[in-house]
Amino acid sequence: MPLPVFALMLCVFCVGTAEIAIAGILPDVADGLDVSVPSAGLLVTGYAVGVALGGPVITMLTLRVPRKALMVGLMAVFLAGNVGSFLAGNYATLMGARIVASLAHGTFVAMAGLVAARMSPPDRQATAIAQVSLGFNLANILGSPLGTLVGQRWGWRATFGALAVTAVASIVLVLLAVPGRIGAGDGGRGGTGDGAATGAPGGSVRDEVRVMCRPAVLASMAVTVLAQGAVFTTSTYLAPLMRDVSGFPGGAMSVLLAVFGIGAVLGNLVGGRLADRDPTRGAVLCLTTLVAVLALFWAVAPYRWPAVAVLVLFGAAGFSIIPVLQSRVLALAASAPLLALSANVSAFNLGNGFGAWLGGAVMDQGWGARSVTSAGCAAAAVALLVIAPMWARQRGLPTRPAEGAGQEGRPLVQAGDDDGAAAAPAAGSSGEPTAPAGAGAAGQRESARCAGE
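These numbers come from a predicted model, not from an experiment.

**Describing the overall build of the chain**
Secondary structure summary: the chain contains 17 helices and two strands in total. Per-residue burial for the chain yields a buried fraction of 58% across its 453 residues. If you take every contact in the chain between residues at least 6 apart in sequence, the share linking residues at least 24 apart comes to 82%. If you sum the accessible surface of the chain, you get close to 16800 Å²; carbon and sulfur atoms cover 67% of it.

Pasting the structure below:
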C-alpha cells in the first residue's frame with residue numbers, strides 16, 4: 001500500500017473507530033455523567049445523524065477549498081471534537097463534541113476515496129478506494145476493541161484521548177505523505193506527473209447537485225442503503241444469533257467477531273479488484289453472493305462450526321459491497337463526483353440505521369434471532385433487483401472508449417480530471433449529460449449510460 005494511501009486509510013480508521021468505539025464504553029460514560037445507558041446510547045445516534053446530514057452540507061460549503069488543505073482541516077475538526085469529548089464535563093457538552101467530530105466524517109471519507117483513486121494507476125483505482133475503506137474494517141477489528149479496553153482500564157475519557165492522539169498522527173502523515181499535486185499512477189509522489197492537482201475540488205454547487213440528482217446516481221444510493229441495511233440487519237445481532245441459535249457461550253463472541261472481521265478485510269480487497277474491472281458488474285456479483293450467503297447462514301445457523309465458516313463468508317460478502325458501490329457512484333458522477341460520493345457515505349450510514357431497525361423489528365415479532373439472516377437476505381435481494389436491470393441495460397449498450405484511451409485498464413477518474421473548477425457536463429445527442437474527456441474511460445462509459453438507467 002503506498003504511503004499516501006496508508007495516510008488516508010489511517011484517517012478513515014480514526015473516524016470509523018470514533019463512530020463505533022463508544023458502544024463498548026456506554027455504561028462507563030453513563031456512570032461518569034450520571035445519565036442512563038439509553039441516554040448515553042444517543043451519543044451514537046447523534047454522531048450518525050451528524051454524518052448523514054452534515055456530510056453533504058459540508059461538502060457543498062467546501063467545494064472550492066484545496067483538497068489537501070480540506071482534508072487536513074477536516075481532520076483538525078475531528079481532532080477538536082475528540083478533545084472536546086475528552087474534556088466534556090456534562091452530557092450536553094459531550095453530545096455537542098460528538099456532533100462536531102461527526103461533521104468531518106462524510107466529506108473526508110468521500111475526499112479520501114477520490115484522492116486515492118487519482119493517485120493510482122488506471123487499473124488500480126477501485127483497489128485504492130478499497131484500501132482506504134480498509135480503515136473501517138480495521139476500526140471494527142482493532143479500533144473498537146482497543147477503544148473499549150482503554151476506556152475500561154483508564155476511564156472513558158481515555159478512549160477519546162487516544163482518538164485525539166491518533167488523529168494528530170494522521171494529520172502529520174497526511175501533511176508529509178499526500179502531495180499537493182497528483183499525477184495518475186504516481187503513487188502519490190506528486191510534483192510533475194501530468195500536472196493534475198489536488199487543488200480546489202472543482203465544480204460549482206449547481207454542477208455537483210445536478211450530477212448527484214441523475215436518476216442512475218440516486219438509484220445507486222438506494223442500492224447502497226438496501227445493501228448496507230442487509231449487512232447490518234444481521235451483523236448488529238450477531239451476538240444473540242451466535243449465542244442463542246448456534247449455541248456458542250457469550251465469552252466466545254470476541255473470537256467470533258475477529259473471525260467476522262477477517263472475512264470483512266478479505267471481502268473489501270476482493271470487492272476492490274472486482275470494481276477495477278467493472279463497478280456495476282462487481283456490485284451485481286457481490287450482492288448475488290450476499291443473498292446466497294445469508295440464505296446459507298439461515299440454513300446452518302443451528303450448527304456451530306458450519307455457522308463459523310459461513311460467518312467468514314458473510315464478512316467477506318458484506319464488506320465487498322463498499323468499494324464496488326463507492327466506485328460505481330464515482331464512475332456515474334465522474335464530471336462532479338464529490339457531493340455524490342459524500343451523499344453515498346451518508347447512504348451507508350442510513351443503511352446502518354435501517355438494518356439495525358429491521359433486525360430488531362423481526363426479532364420483536366417473536367421470530368427469533370435466526371430471522372435476522374432471512375430479513376437481511378430479503379433486503380439484499382431487493383437491492384439486487386434494483387441494480388440487476390441497470391447491469392442488463394449496460395451490457396446491451398455499446399461501449400464508446402474515451403478519446404485517446406488505448407490502455408486496457410479503464411480508469412474511474414484520471415489525473416486529467418482536474419482539481420480546479422470542473423467543466424459543466426456536456427450534453428450528448430440525446431440531451432443527457434455525459435462525462436468530460438478527463439473523467440476516465442470507466443467514468444465516461446457509466447455516465448453515457450445514465451440515460452439507459
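**Quick notes on the side chain of threonine 233**
Mapped onto the elements of the fold, threonine 233 is located in helix α10 (residues 215-235). Within polar-contact distance, the side chain of threonine 233 engages the backbone oxygen of glycine 229 at 2.6 Å.

**Let's talk about a nonpolar patch on the surface**
Residues Val57, Met60, Leu61 and Val205 make up a contiguous nonpolar surface patch of roughly 340 Å² in combined accessible area. Broken down by element, the nonpolar patch gets its largest block of residues, three residues, from helix α3 (residues 37-61). Under the relative-accessibility criterion, valine 205 is labelled partly exposed at 37%.

**Comments concerning the environment of phenylalanine 260**
With respect to the element layout, phenylalanine 260 can be found in helix α12 (residues 253-277). Judged by its relative accessible area of 10%, phenylalanine 260 falls in the buried class. For the pair phenylalanine 260 and valine 308, spaced 48 residues apart in sequence, the C-alpha separation works out to 8.6 Å. Non-local contacts of phenylalanine 260, meaning those with residues more than four positions away in its chain, are made with Ser235, Leu238, Leu311, Phe314, Gly315 and Phe319.

**Some points on the nonpolar core**
Of all hydrophobic cores here, the largest spans 75 residues; its most connected members are Leu8, Met75, Phe78, Leu94 and Phe108. Among the elements that line this core, the one with the most residues is helix α1 (residues 3-20), at ten residues. Look past the residues within four positions of phenylalanine 108 in its chain and what remains in contact with it is Leu8, Cys11, Val12, Met71, Leu74 and Met75. Counting 54 residues, the second largest nonpolar core, distinct from the first, contains Ala126, Ala219, Leu290 and Leu325.

**Regarding the state of the cysteines**
Two cysteines, two sulfur atoms, one covalent bond between them: this is a disulfide. Enumeration over the complete set of coordinates arrives at zero disulfides. Cysteine 11 provides the cysteine sulfur closest to cysteine 14, a residue in no disulfide bond, and the two sulfurs are 6.3 Å apart.

**Examining unusual backbone geometry**
Glycine aside, residues mostly have negative phi, and peptide bonds are mostly found in the trans state. Its identity as a non-glycine residue notwithstanding, aspartate 34 has a phi of 60°, on the positive side. Position of aspartate 34 among the secondary structure elements: in the loop between α2 (26-33) and α3.

**Quick look at the pattern of salt bridges**
Pairing between side chains of opposite charge can happen when the charged atoms of each approach one another. Scanning the model with the defined rule gives two salt bridges in all. Between arginine 273 and aspartate 276 there is a salt bridge whose closest N-O contact spans 3.0 Å. One end of the pair, arginine 273, and the other, aspartate 276, are both in helix α12, three residues apart, so they sit about a helical turn from each other. Relative accessible area serves as the criterion here: at 29%, arginine 273 is assigned to the partly exposed category.

**A few points about the environment of phenylalanine 248**
Looking at where phenylalanine 248 falls in the secondary structure, it is placed in the loop between α11 (238-245) and α12. Given a relative accessible area of 7%, phenylalanine 248 falls into the buried group. Sequence separation between phenylalanine 248 and arginine 304 is 56 residues, and the spatial gap between their C-alpha atoms is 7.2 Å. In contact with phenylalanine 248, other than residues within four places in its own chain, are Met242, Arg243, Leu256, Arg304, Trp305 and Val308.

**Side note on the packing of aromatic side chains**
In this structure the tally under the stated criterion is six aromatic pairs. Residues tryptophan 156 and phenylalanine 160 carry aromatic rings whose centres are separated by 6.0 Å and whose planes lie at 85° to one another, so their mutual orientation is edge-to-face. With tryptophan 156 and phenylalanine 160 both in helix α8 (residues 156-177) and four residues apart, the pair spans about one turn of that helix. Residue classification places tryptophan 156 among the buried positions, given a relative accessible area of 8%.

**Some thoughts on the packing of helix α14 (residues 304-332) against helix α15 (residues 338-367)**
Packing of α14 against α15 brings their axes to within 9 Å, and their N-to-C directions diverge by 150°. α14 and α15 meet at a crossing whose hand is right-handed. Across the interface between the two elements, Ile322, Leu325, Gln326, Val329 and Leu330 from α14 touch Ala340, Leu341, Asn344, Val345 and Phe348 from α15. Looking at the contact of α14 with α15 residue by residue, the class counts come to eight nonpolar, two polar and no charged.

**Side note on the confidence of the model for the chain**
Caution applies to low-pLDDT parts of the model: their predicted coordinates are not meant to be read in detail. Chain-level pLDDT for the chain is 78 on average; 81% of the residues reach the 70-or-more range. For residues 398-409, every residue scores under 50 in pLDDT, and the model assigns this stretch nine contacts once sequence neighbours within four places are set aside. In this model residues 415-444 is a low-confidence stretch, pLDDT under 50, and it forms 86 contacts with partners more than four residues away in sequence or in other chains.

**Topic: the packing of helix α4 (residues 67-87) against helix α6 (residues 105-118)**
α6 packs onto α4 with a crossing angle of 145° between their chain directions and a minimal axis gap of 10 Å. Handedness of the α4/α6 crossing: left-handed. Contacts between α4 and α6 pair Arg67, Leu70, Met71, Leu74 and Met75 from the former with Thr107, Phe108, Met111, Leu114, Val115 and Arg118 from the latter.

Criteria and cut-off values
- Residues numbered from 1 in each chain as written.
- Predicted model: local features only at pLDDT ≥ 70, side-chain atom pairs only at ≥ 80, totals over all residues.
- Heavy atoms only, no water.
- Helix = DSSP H or I, 4+ residues; strand = E, 2+ residues; numbered from the N terminus.
- Buried < 20%, exposed > 50% of the residue type's maximum accessible area, 1.4 Å probe, protein only.
- Contact = heavy atoms within 4.5 Å.
- Areas by Shrake-Rupley, 256 points an atom, 1.4 Å probe, with all protein chains shown as cover.
- Polar contact = N/O pair within 3.5 Å; in protein donor to acceptor, adjacent residues only side chain to side chain.
- Patch = residues over 30% accessible without salt bridge, like charges linked within 9 Å, V, L, I, M, F, W, Y side chains within 5 Å.
- Salt bridge = Lys/Arg side-chain N within 4 Å of Asp/Glu carboxyl O.
- Core = buried A, V, L, I, M, F, W, Y, C linked by side-chain atoms within 4.5 Å.
- Disulfide = S-S within 2.5 Å.
- Phe/Tyr/Trp six-rings, centres within 6.5 Å; stacked < 30°, edge-to-face > 60°.
- Axes fitted to C-alpha atoms, helices over the stretch in contact; angles between N-to-C directions.
- Left-handed = near helix turned anticlockwise from the far one by under 90°.
- Nonpolar A, V, L, I, M, F, W, Y, C, P; charged D, E, K, R; others polar.
- pLDDT = per-residue confidence, 0-100.

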